[in-house]
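# Geometric and topological summary
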Amino acid sequence: MKNILAAITLLIVSTTAFAQTKSISNAKVSFEIKNLGIKTGGTIGGVQGTIAFDPAALATSKIEATADVNTINTDNDMRDEHLKKDDYFDVQKYPKIGLSSVSFKKANGNNFTGQFNLTLKGKTKMVEVPFTYADNSFKGSFKINRRDFSIGGNSMTMGDEVTINFEAK
């Protein structure tokens, strides 16, 4: 009986040690898009969320985060205000961008791929997000089509593909 109790205790302690849920304490999100053939971009802050990621237990791992679109910064105040309007992010109705994991796969070494539901401007789409995980830190980059989320209309000068880069701890 003592051996069974010891095994259960060890299992509980090891499970909580590796699969603890923690709040995101530090995150950077940036984006790039071509406009008139020139790469331009900016950052979005106000990232909050929780991480319960264990490389040895991907099936039970979970990542959820939001970013505050009101913090968008392209180093141009006039452009930032324009991006907050209805035809772009419509921050009055949709102040947050949401990301919620669905599943994870290990690629090799510290490299993983996650399937995430990305919610942007009231629309949710599944996106594949390759990332590295080392020292409790996540770093990655993925692409979306801005038109999938009704951002920016039918601009003839702005590209459709947006690259999103992130780092989180």
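Structurally, the position occupied by Ala-56 is in the loop between strand 4 (48-52) and strand 5 (62-68). Through-space distance from the C-alpha of Ala-56 to that of Lys-106 is 9.5 Å; in sequence the pair is 50 residues apart.

Bringing the pairing of strand 6 (residues 96-108) into the picture now. Pairing of strand 5 with strand 6, which is carried by five bridges, proceeds in the antiparallel orientation. Counterpart to Thr-66 in the pairing with strand 6 is Gly-98. In this antiparallel pair of consecutive strands, strand 6 and strand 7 (residues 111-120), the connection spans two residues, and Gly-109 shows a positive phi of 50 degrees.

Pairing is antiparallel across the open sheet formed by 10 strands, whose spatial order is 1-4-5-6-7-8-9-10-2-3. Two strands close off the open sheet at either side, each with one partner strand: strand 1 (22-23) and strand 3 (38-44). Here strand 8 (residues 123-134) pairs with strand 9 (residues 137-145) via four bridges, running antiparallel. Paired with Thr-132 across the bridge in strand 9 is Lys-139.

A word on the confidence of the model for the protein. Averaged over every residue, the pLDDT of the protein is 90; residues scoring 70 or more account for 89%. Under a pLDDT of 50 for its full length, residues 1-18 has, in the predicted model, two contacts with residues more than four places off or in other chains.

What counts and how
Residues numbered from 1 in each chain as written. Predicted model: local features only at pLDDT ≥ 70, side-chain atom pairs only at ≥ 80, totals over all residues. Heavy atoms only, no water. Helix = DSSP H or I, 4+ residues; strand = E, 2+ residues; numbered from the N terminus. Pairing = 2+ DSSP bridges. pLDDT = per-residue confidence, 0-100. Contact = heavy atoms within 4.5 Å.

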